[in-house]
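The lines below spell out each chain.
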Amino acid sequence: MSDKTLVSAHFHANLGLYWLLSGSLVFILSFIGIPLLLLWFPLGLLATRHYINNMSAELTEQKLIVRKGLFTRTENTVPLDKITDMALIQGPIMRMFDLHKLTIETAGQSSAGALISLTGVVDVTHFRSQVLAQKSKIMAQKGNAPANENTDVLILDHLQQMNATLLRIEQSLNAKPSN
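Keep in mind that this is a model prediction, so the values were computed, not measured.

Trainee: I keep staring at the overall build of the protein chain and nothing clicks. Help me out?
Mentor: For the protein chain, the helix and strand inventory stands at five helices and seven strands. For the protein chain, the residues scored as buried account for 26% of the 179 residues in total. Counting only contacts in the protein chain whose residues sit at least 6 apart along the sequence, the fraction spanning at least 24 positions is 51%. Summing over all exposed atoms, the protein chain offers an accessible surface of approximately 12100 Å²; the carbon and sulfur share of this is 60%.

Trainee: How should the nonpolar core be read in this particular structure?
Mentor: Side chains of nonpolar character tend, in soluble globular proteins, to be buried together. With 27 residues, the main nonpolar core has L64, L118, F127 and V131 as its most contacted residues. Among the elements of the structure, helix 1 (15–30), strand 2 (56–60), strand 3 (63–68), strand 5 (83–89), helix 3 (92–97), strand 6 (101–106), strand 7 (116–119) and helix 4 (124–143) are those that each provide at least two residues to this core. Ranked by residue count, the leading element in this core is helix 4, at four residues. With residues up to four places along the chain from it excluded, the contact list for L64 reads E58, L59, N76, T77, V78, L80, I104, F127 and V131.

Trainee: Hey, could you run me through the packing of aromatic side chains in this one?
Mentor: Within a pair of aromatic rings, the relevant descriptors are the distance that separates the centres and the angle that separates the planes. Inspection of every chain in the model, using the stated rule, returns two aromatic pairs. Relative to F97, the ring of Y18 has its centre 6.1 Å away and its plane inclined at 70°; by these criteria the two rings are edge-to-face. With Y18 in helix 1 and F97 in helix 3, the pair connects residues that are 79 residues apart, well separated along the chain. Each member of the pair, Y18 as well as F97, is classed as buried. Relative to Y51, the ring of W19 has its centre 5.5 Å away and its plane inclined at 75°; by these criteria the two rings are edge-to-face. You can see W19 sitting in helix 1 and its partner Y51 sitting in helix 2 (residues 37–53), a full 32 residues away along the chain. The class for W19 is partly exposed, based on a relative accessible area of 24%.

How each quantity is defined
Residues numbered from 1 in each chain as written. Predicted model: local features only at pLDDT ≥ 70, side-chain atom pairs only at ≥ 80, totals over all residues. Heavy atoms only, no water. Helix = DSSP H or I, 4+ residues; strand = E, 2+ residues; numbered from the N terminus. Buried < 20%, exposed > 50% of the residue type's maximum accessible area, 1.4 Å probe, protein only. Contact = heavy atoms within 4.5 Å. Areas by Shrake-Rupley, 256 points an atom, 1.4 Å probe, with all protein chains shown as cover. Core = buried A, V, L, I, M, F, W, Y, C linked by side-chain atoms within 4.5 Å. Phe/Tyr/Trp six-rings, centres within 6.5 Å; stacked < 30°, edge-to-face > 60°.

This is the structure:
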C-alpha cells in the first residue's frame, strides 16, 4: 500500500528572526554575552536559515513524518493512531511574531513531554486539524474493520469440541473401577 503525502507543512519566514531574538535576550541577560551579540546575529541568521530549510513535516495517509536538523539531522515518523495529544503553545515573543509551537505526544513514548515539537508552521491550526482528521479517519476504519462472519461459527465449533472432550474425560473417569 502506498502512503502518499496528503499535506506538507511550510514554515514562517520570520521564524529565524524569532529564534535570533530569543537567543539575544539570553545574551543580554547574561551581560557577558553582550559583546557576543555582534557575532550572534550574522552567524545566527545564516544558521537559522539553513536549519529552517532542512525542516519539513509531512502528513501521509498513515503517519506524520518530521525532519529537521542542521548538523545532526533527525527524522521522526509517528503512526497517526499512536498520537495522543497535539498541543498549540504560544509565548509572548511568539505572539509578537504570530508563531505557534505544535507539540505532539504519543502513546507509549518513554520520556515526559512532547515527542515532536514544531515551531513556526504556517496556518498551524489547519495543519493540526488535518492531522487529527486523518487520525480519526484511520481510527474509524479500524473500528469498522469487517469482522470475519465465520468467527461465531468457529467459536461455537471449538466450544462443542471442548464439550465433547470433557464428556469423554468424564466418562473415562466414571468407567474406572473404584478401589
